[in-house]
Protein chains: 2
Amino acid sequence: MNVSNTRTGMPDSWADAAPVLIAVAAGREPADLVIRDGRWVNVQSREIIDRHDLAIVRGRFAYCGPDATHAIGPDTVVIDAGGRFMVPGLCDSHMHIESGMLTVSRFVEAVVPHGTTSMFVDPHEIANVLGIDGVRLVHDEALIQPINVFVQMPSCAPSAPGLETTGKEITPEDVAEAMTWPNIIGLGEMMNFPGVINCDHKMLAEMAATQRAGKTVGGHYASRDLGPAFHAYAAGGPADDHEGTREIDAVSRARQGMRAMLRLGSAWYDVEAQITAVTRLGLDPRNFTLCTDDCHSGTLVHDGHMDRVLRHAIGCGCPPLVALQMATINTATHFGLEREIGSIAPGRRADVVLTGDLESFPVETVISRGQVLSDVAGLVDEVKDGAKDPFPLRFSWPRESRNTVRIGRKLTPADFEVASPPGAMAARVRVIGVVENQAPTKAMEMDLRASPEGLLDADPGRDISHVAVVERHRASGRVENGFVSGFGYRGRCALASTVAHDSHHIVAAGTCRTSMAGAVNRLAEAGGGIALFRDGTELAFVHLPVAGLMSDSPAPEVAGQAQRLVDAMAECGCTMNNAFMQHSLMALVVIPELRISDLGLVDSVGFAFTDLIASDGAGEGGRFES
Amino acid sequence: MNVSNTRTGMPDSWADAAPVLIAVAAGREPADLVIRDGRWVNVQSREIIDRHDLAIVRGRFAYCGPDATHAIGPDTVVIDAGGRFMVPGLCDSHMHIESGMLTVSRFVEAVVPHGTTSMFVDPHEIANVLGIDGVRLVHDEALIQPINVFVQMPSCAPSAPGLETTGKEITPEDVAEAMTWPNIIGLGEMMNFPGVINCDHKMLAEMAATQRAGKTVGGHYASRDLGPAFHAYAAGGPADDHEGTREIDAVSRARQGMRAMLRLGSAWYDVEAQITAVTRLGLDPRNFTLCTDDCHSGTLVHDGHMDRVLRHAIGCGCPPLVALQMATINTATHFGLEREIGSIAPGRRADVVLTGDLESFPVETVISRGQVLSDVAGLVDEVKDGAKDPFPLRFSWPRESRNTVRIGRKLTPADFEVASPPGAMAARVRVIGVVENQAPTKAMEMDLRASPEGLLDADPGRDISHVAVVERHRASGRVENGFVSGFGYRGRCALASTVAHDSHHIVAAGTCRTSMAGAVNRLAEAGGGIALFRDGTELAFVHLPVAGLMSDSPAPEVAGQAQRLVDAMAECGCTMNNAFMQHSLMALVVIPELRISDLGLVDSVGFAFTDLIASDGAGEGGRFES
């Protein structure tokens with residue numbers, strides 16, 4: 001049987017497929033696939049239309065109407081929807097694949113059973129490591145997926161020029177080039193909002209290149225100031241924003257002609273506070289979309305993806321059809337794709353989710369471009385038999401993308417030593433204070449006694465650990481040291497990671513220099529990942545060989561490794577919620593208050609380097625009781 | 001004073017203007033124009049926001065917020081809106097300029113006081129006369145207007161290949177070329193719906209060229225059949241339709257992912273029956289737009305344009321904010337222009353209408369691209385003083401466009417003679433039966449006695465007139481003769497017109513061959529228009545020198561000429577409502593039942609030529625009582 005629902009890769013364009021679409025709709029040629037007796041969730045008209053059929057050919061809808069009998073031929077696969085809802089495949093309007101620590105293919109494999117058939121991904125992390133070449137790799141891997149993965153060209157690498165170095169930089173010329181690629185849908189989130197407001201010529205050039213290409217400038221206005229600064233940002237061109245956290249944020253963005261992207265990630269809970277703009281204030285919902293931004297593999301495996309966001313939005317009081325519009329057609333319209341995805345209508349890519357209930361939203365069958373990718377309901381014989389692999393195309397990440405952890409030499413415990421000021425018995429040091437469930441850190445000052453060898457050591461009793469950034473892109477051998485408080489590490493342990501936003505050097509933190517050196521060296525040998533060492537030996541390890549950020553193992557495997565890491569961290573005394581995120585953000589110098597980059601300790605309020613030693617000698621107040 | 005609200009022509013792109021927009025919003029540079037204390041009609045969020053200000057620079061909105069004081073410099077023009085509503089400039093989603101018998105500039109001049117600042121025009125008529133060159137002239141004239149006139153490339157010239165000849169033809173290659181022009185927004189209405197349904201390769205090639213250019217295929221499905229034929233048409237690619245007349249038509253189009261364009265033209269009244277899809281059934285209004293399709297100059301002068309449609313929609317029970325969305329942002333989104341027009345938001349072209357009431361909608365001040373074009377309210381000193389011409393750019397239609405009426409020779413009464421079959425005393429002839437207020441004609445058969453000279457003559461007593469099509473594009477000298485009933489002409493008169501849909505030869509109808517020859521010759525001398533002759537002399541004349549379709553005189557002048565023509569037609573016995581439209585449609589061979597083209601009498605049900613003489617000798621039933 002030669003049916004096109006076994007095809008993968010991009011479908012024919014509507015223009016190319018039109019003669020066949022017309023012929024199927026008119027009854028002159030048979031469809032590849034017909035779905036019968038479903039409840040058509042029509043997000044265009046915001047209606048549910050009972051007892052309708054869909055006919056699909058060449059990966060696109062040819063006929064959506066009351067009776068597709070005329071489109072059924074001897075080789076047509078027929079699915080009886082049995083009165084289930086036929087919903088457009090769900091769209092994630094903004095996200096970073098790297099947050100799942102998975103390659104594009106593995107991420108897609110994980111989200112398909114959750115009904116996601118379109119994602120708008122900003123490979124910002126890989127851009128920091130591999131530059132435009134890394135973006136191209138993501139772009140190319142995205143193109144061969146059986147669902148729609150549209151790529152946004154990252155805008156801000158480095159995030160903080162002058163305060164950090166990256167593996168590679170993204171230039172306005174890179175952006176202009178990327179806009180010519182077939183699968184680039186726009187510019188990734190413009191995080192440098194002070195730059196936009198102050199007319200930074202590089203940021204404006206990137207946005208202009210995007211607008212001139214007729215594409216969408218992604219926004220990121222992470223500020224509570226809705227005065228002229230916000231208006232200036234909106235005037236600069238960003239067309240959406242997912243950083244809002246309050247109802248007024250969502251309202252303001254819609255009023256300014258931007259789309260408010262409401263976010264529910266693994267650690268972001270921004271839907272509930274903002275969706276009241278629609279449910280309470282009654283704003284037109286067309287300018288609201290749903291997104292995840294960042295999802296861990298564990299979330300994907302255990303909780304879901306866009307189905308989770310949808311259920312949550314409905315749980316917040318949003319009518320199901322309105323929430324579905326936010327997860328389908330609104331996103332399609334935003335990116336200029338409403339004639340391509342986001343609705344069940346003739347000519348569009350045939351992306352359908354079958355579900356028995358619109359509120360609890362059990363995802364039963366998932367069809368993308370006319371191909372059955374997931375079928376929990378067991379409606380389709382072929383998938384039930386397991387005879388076909390819906391993901392036949394494999395992407396091979398090249399050697400240079402697997403060889404990105406270059407520290408130049410084997411590190412020793414001495415690399416993590418911090419000398420006391422000459423002759424001082426103690427010193428007051430600046431300490432990064434991580435706060436549970438908050439992205440900003442506190443800029444603390446704490447007193448440390450000098451050891452007999454003249455070193456300033458971690459002090460687990462007062463929850464003071466070492467922290468270090470090891471330059472890993474240029475093999476410079478540079479190590480920057482500091483101190484951190486808040487993780488609660490006990491004993492002699494250290495955690496090191498090549499996921500270290502945004503420039504993704506190695507960030508290590510721990511109570512023991514031997515374990516720090518051990519963990520960092522392990523990452524260098526393995527080509528990336530996260531390593532927890534105790535007493536100099538490995539306790540847990542997550543292997544992320546692609547750019548030091550991603551694994552090409554299946555999501556459950558990566559989620560399992562990550563869970564073992566979390567468990568082991570707890571054994572070492574770190575029970576903070578989402579501690580690894582705090583770890584990986586210690587180098588994120590664009591967020592207040594104190595951070596550490598590969599160039600030194602950074603005052604991320606004043607955007608300047610600062611000294612680790614605040615003053616010689618211990619401060620007042622007798623902080624050495626222990 | 002050097003303020004940019006005196007500029008004309010296209011504004012800087014958002015990308016080019018961004019640095020200044022940002023600087024104005026941030027308060028670093030002054031705006032050109034600030035509107036204070038208005039009620040912001042926010043069609044994005046569907047809200048009215050009181051006491052807000054707008055700051056405009058370089059023809060675009062820079063700031064839309066509660067207080068634009070920081071954007072006011074010494075040279076900023078400040079308008080006190082005095083609590084008036086600030087509404088986005090109105091958008092006409094589909095229309096033909098030629099229906100106003102005015103050039104683009106004269107049409108624009110007429111509609112600006114009615115609040116229209118964007119029009120999507122399909123120069124289908126001029127394409128039939130001048131081909132792609134005529135479309136380019138409209139395109140170029142559109143580009144220099146002070147409002148936004150986007151051009152759709154006509155798709156169907158000729159409308160009925162083989163049954164008529166046109167001045168020029170439009171080919172798929174023409175369409176592909178036009179898609180590269182800066183001001184082409186899509187393909188004009190695809191009227192050949194049987195061609196689409198049957199996969200006519202030329203029609204499909206035109207739609208494919210449009211889709212590949214990322215532009216919008218206009219639809220025209222003038223049929224009540226909503227079965228597979230309709231679905232096949234939708235599968236072919238047309239993205240909108242303005243031919244719906246019933247609620248179910250509007251519903252069906254929205255469900256199929258098309259936009260339902262609700263039409264109120266001079267003679268079209270299709271809003272009331274269809275807008276219930278929103279007001280009664282509660283469909284999401286986003287896929288509904290308002291349009292005029294065809295407006296006579298008299299309508300523009302006396303009744304209005306998009307303001308008239310808006311008032312009508314509100315009068316039909318549509319909430320004003322929803323009706324306004326249909327006349328602004330919905331249209332912008334449809335054509336991929338929502339970041340350019342259709343809302344009051346940063347970066348968009350500064351098109352604003354000030355009005356004191358959203359229901360009666362008096363248009364007080366009209367601003368397009370930051371330039372005050374009309375100011376009935378007298379809010380702006382400069383316009384009040386009449387010191388500036390808001391329409392300074394003039395378009396000169398070239399000589400070849402004014403020399404399109406070529407009949408090859410001077411016609412004589414003999415050209416309109418119809419010979420009786422040899423030896424017959426009478427004949428049964430096929431007669432075009434025009435019906436008041438209906439586009440279709442009736443295919444009648446009537447008996448005519450032969451004159452002593454062997455000719456079949458008009459018979460005013462039985463309301464039978466001569467009708468003729470005179471080939472006027474190629475100077476072939478061809479004249480096709482027939483008979484028509486329904487106009488009620490008495491005495492010895494004839495009306496001739498170079499407006500003769502769709503191929504725009506000369507259509508003449510009358511009771512007297514001498515007057516027919518006189519009227520036709522008059523049009524040939526004048527280069528086009530409409531002439532009414534009685535007893536061989538001119539009774540009324542509308543001069544349409546541009547392509548024989550349009551005048552470059554002001555709208556009131558053309559409307560006055562047209563009114564005098566209507567009055568004169570009544571003097572000649574023709575009191576049918578909208579009689580000139582019936583006259584001009586007699587050659588429209590795509591509409592049932594009987595028509596006449598430059599190639600002969602056409603059975604426009606069977607799409608074939610038919611004989612004028614149905615049978616020799618008079619039929620039964622004694623129809624010669626007179």
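In what follows, the accompanying structure is described.

About the cut-offs
- Residues numbered from 1 in each chain as written.
- Chains lettered and ligands numbered in written order.
- Predicted model: local features only at pLDDT ≥ 70, side-chain atom pairs only at ≥ 80, totals over all residues.
- Heavy atoms only, no water.
- Helix = DSSP H or I, 4+ residues; strand = E, 2+ residues; numbered from the N terminus.
- Rg over C-alpha atoms; globule rule 2.2 N^0.38 Å.
- Contact = heavy atoms within 4.5 Å.
- Areas by Shrake-Rupley, 256 points an atom, 1.4 Å probe, with all protein chains shown as cover.
- Pairing = 2+ DSSP bridges.
- Axes fitted to C-alpha atoms, helices over the stretch in contact; angles between N-to-C directions.
- 1 Å grid on protein atoms, 1.4 Å probe; cavity = no way out; pocket = protein on both sides within 12 Å on 5 of 7 lines; lining within 4 Å.
- Points joined across faces, edges and corners; volume = space filled by probe spheres on them.
- Buried < 20%, exposed > 50% of the residue type's maximum accessible area, 1.4 Å probe, protein only.
- Left-handed = near helix turned anticlockwise from the far one by under 90°.
- Nonpolar A, V, L, I, M, F, W, Y, C, P; charged D, E, K, R; others polar.
- Least-squares fit on C-alpha atoms with pLDDT ≥ 70 in both.
- Salt bridge = Lys/Arg side-chain N within 4 Å of Asp/Glu carboxyl O.
- Polar contact = N/O pair within 3.5 Å; in protein donor to acceptor, adjacent residues only side chain to side chain.
- Parallel < 35°, antiparallel > 145°, perpendicular 65-115°, else oblique.
- Expected span 1.5 Å × (residues − 1).
- Phe/Tyr/Trp six-rings, centres within 6.5 Å; stacked < 30°, edge-to-face > 60°.

What follows covers the overall build of chain A. Tallying secondary structure elements over chain A gives 18 helices and 28 strands in all. Taking 626 residues into account, the globule formula puts the C-alpha radius of gyration at 25 Å, and chain A, at 26 Å, falls close to it. Taking the principal axes of the C-alpha coordinates as reference, chain A spans close to 90 × 55 × 45 Å. Looking at chain A alone, contacts between residues at least 24 apart form 70% of all its contacts between residues at least 6 apart. Element-wise, carbon and sulfur atoms account for 50% of the exposed surface of chain A, whose accessible area totals about 19,800 Å².

Turning to the sheet that holds strand E10 (residues 216–219) of chain B, a few remarks are in order. Residues and elements named next belong to chain B. Strand order in the open sheet formed by five strands is E6-E7-E8-E9-E10, with parallel pairing between adjacent strands. Whereas interior strands pair on both sides, the edge strands pair on one side only; in this sheet they are strand E6 (90–95) and E10. In this sheet, adjacent strand axes meet at a mean angle of 25° when their direction is disregarded. Here strand E7 (residues 116–121) runs beside strand E8 (residues 148–153); their pairing, made up of four bridges, is parallel. Looking across to E8, one finds that Met119 is bridged to Val149. Sitting on the sheet, helix H2 (residues 104–111) is in contact with E6, E7 and E8, with an inclination near 140° to E7. In the packing of helix H12 (residues 306–315) onto the sheet, contacts are made with E6 and E7, and the angle to E6 comes to roughly 95°.

Within the structure shown, the criterion is met by 12 cavities of 30 Å³ or more. What the largest cavity holds in volume is close to 90 Å³. Taken together, A:Arg259, A:Arg286, A:Asn330, A:Thr333, A:Glu338, B:Arg259, B:Arg286, B:Asn330, B:Thr333 and B:Glu338 make up the full set of residues lining the largest cavity. Breaking the lining of the largest cavity down by element, the ones donating at least two residues are helix H14 (329–334) of chain A together with helix H14 (329–334) of chain B.

Moving on, we come to the side chain of A:His94. All names here are of chain A. Tracing the backbone through its elements, the reader meets His94 in strand E6 (residues 90–95). Residue His94 is classed as buried on the basis of its relative accessible area of 2%. Setting aside residues up to four positions removed in sequence, His94 forms contacts with Phe120, Asp122, Gln152, Glu189, His242, Met261, Cys291, Thr292 and Asp293.

Orientation of helix H6 (residues 201–212) of chain A relative to helix H1 (residues 14–26) of chain B, taken along the N-to-C sense of each, is 145°, at an axis distance of 9 Å. Along this stretch, H6(A) crosses H1(B), giving a crossing that reads as right-handed. Of H1(B), the residues touching H6(A) (which contributes A:Leu204, A:Ala208, A:Gln211 and A:Arg212) are B:Trp14, B:Ala15, B:Asp16, B:Pro19 and B:Ile22. Across the contact of H6(A) with H1(B), the residue classes tally to six nonpolar, one polar and two charged.

To continue, consider the relation of the copies chain A and chain B. It takes a turn of 180° to lay chain A on chain B, together with a shift of 0.0 Å along the axis; the resulting RMSD is 0.1 Å. Both copies of the chain, as the preceding transformation shows, are related through a two-fold rotation axis. Considering only C-alpha atoms, the residue of chain A closest to the rotation axis is A:Gly336, which sits at 3.4 Å. When you check the interface residues of chain A against chain B, 100% turn up at the interface there too, and the contact is symmetric in its surfaces.

Contacts between the two partners involve 61 residues from chain A and, on the opposite side, 61 residues from chain B. In this structure, the connection of chain A to chain B is made through eight salt bridges. Here B:Asp16 and A:Arg212 are joined by a salt bridge, their closest N and O atoms 2.6 Å apart. Our count for the contact surface shared by chain A and chain B stands at 38 residue pairs in polar contact (both at pLDDT 80 or more). Residue contributions to the side of chain A that touches chain B peak at nine residues, all from helix H1 (residues 14–26) of chain A. Its residues assigned to classes, the side of chain A that touches chain B comprises 30 nonpolar, 18 polar and 13 charged.

So, about unusual backbone geometry. Glycine aside, the phi torsion of most residues is negative, and most peptide linkages are trans. Residue A:Glu593 follows A:Pro592 across a cis peptide bond; omega there is 0°. Note on placement: A:Glu593 falls in the loop between helix H18 (579–584) and strand E25 (594–597). We note that B:His504 has phi near 55°; this positive angle belongs to a residue other than glycine. For B:His504, the location among the structural elements is in the loop between strand E21 (493–497) and strand E22 (506–510). Overall, the relative accessible area of 0% leaves B:His504 in the buried class.

Below, the discussion takes up the pattern of salt bridges. Residue and element names in this part refer to chain A. Within this structure, the stated rule accounts for 62 salt bridges over all chains. Among the ionic pairs, Arg246 bridges to Asp249, the shortest N-O distance being 2.7 Å. On the basis of relative accessibility, which here comes to 2%, the residue Asp249 falls in the buried class. Beyond isolated ion pairs, a larger network of salt bridges with shared partners links Asp241, Arg246, Asp249 and Arg253.

With that settled, consider the packing of helix H7 (residues 228–236) of chain A against H1(B). In contact at an axis separation of 8 Å, H7(A) and H1(B) are set at 175° when each is read in the N-to-C sense. By the angle between their axes, H7(A) is roughly antiparallel relative to H1(B). Residues A:Pro228, A:His231, A:Ala232, A:Ala234, A:Ala235 and A:Gly236 of H7(A) pack against B:Trp14, B:Ala18, B:Leu21, B:Ile22, B:Ala25 and B:Ala26 of H1(B). Classifying every residue of the contact of H7(A) with H1(B) gives 10 nonpolar, two polar and no charged.

Most of helix H8 (residues 247–255) of chain A sits out of view: seven of its nine residues are buried. Listed as buried for H8(A) are A:Glu247, A:Asp249, A:Ala250, A:Val251, A:Ser252, A:Arg253 and A:Ala254.

The next subject is the environment of A:Ala31. Residues and elements named next belong to chain A. By the secondary structure assignment, Ala31 is in the loop between H1 and strand E1 (33–42). Each C-alpha atom, one on Ala31 and one on Val20, is 9.0 Å from the other, the two residues being 11 residues apart in sequence. Among residues more than four places away in sequence, those in contact with Ala31 are Val24, Ala55, Ile56, Val57, Ala71 and Thr76.

Residue and element names in this part refer to chain B. A sheet is described by the order of its strands in space; here three strands give the open sequence E25-E26-E27, paired in antiparallel fashion. The sheet is open, and its two borders are formed by strand E25 (594–597) and strand E27 (608–609), each paired with just one other strand. By the bridge criterion, two bridges tie strand E26 (residues 600–603) to E27 in an arrangement that is antiparallel. When the sheet's bridge partners are listed, Val602 is paired in E27 with Phe609.

Compared with an ideal rise of 1.5 Å per residue, which puts 17 residues at 24 Å, helix H17 (residues 555–571) of chain B spans 24 Å between its outermost C-alpha atoms and is within 8% of the ideal. Of all the residues in H17(B), the buried ones are B:Ala555, B:Val558, B:Ala559, B:Gly560, B:Gln561, B:Leu565, B:Ala568 and B:Met569.

For the structure on display, the rule yields 14 aromatic pairs over all chains. An angle of 10° between the planes, with centres 4.0 Å apart, marks the rings of A:Phe120 and A:Phe335 as stacked. Here A:Phe120, found in strand E7 (residues 116–121), pairs with A:Phe335, found in the loop between H14 and strand E14 (352–355); they are 215 residues apart in sequence, far enough to count as distant. On the basis of relative accessibility, which here comes to 0%, the residue A:Phe120 falls in the buried class. For the pair B:Phe487 and B:Tyr489, a centre-to-centre distance of 5.6 Å together with 40° between the ring planes defines the contact as tilted. Judged by its relative accessible area of 1%, B:Tyr489 falls in the buried class.

Glancing now at the environment of A:His220. Residues and elements named next belong to chain A. Its location among the elements puts His220 in the loop between strand E10 (216–219) and H7. When the C-alpha atoms of His220 and Met191 are compared, they prove to be 5.0 Å apart, with 29 residues separating the residues in sequence. What His220 contacts, discounting residues up to four positions off in sequence, is Glu189, Met190, Met191, Phe193, Tyr233, Asp240, Asp241, His242 and Glu243. Of the polar contacts made by the side chain of His220, one reaches the side chain of Glu189; its length is 2.6 Å.

The subject of this paragraph is the side chain of B:Ser497. All names here are of chain B. Relative to the elements of secondary structure, Ser497 occurs in strand E21. Residue classification places Ser497 among the buried residues on the basis of a relative accessible area of 0%. Separated by 2.8 Å, the side chain of Ser497 and the backbone oxygen of Val499 make a polar contact. For Ser497, the residues in contact, after removing those within four places along its chain, are His505, Ile506, Val507, Leu523, Gly529, Ile530, Phe580 and His583.

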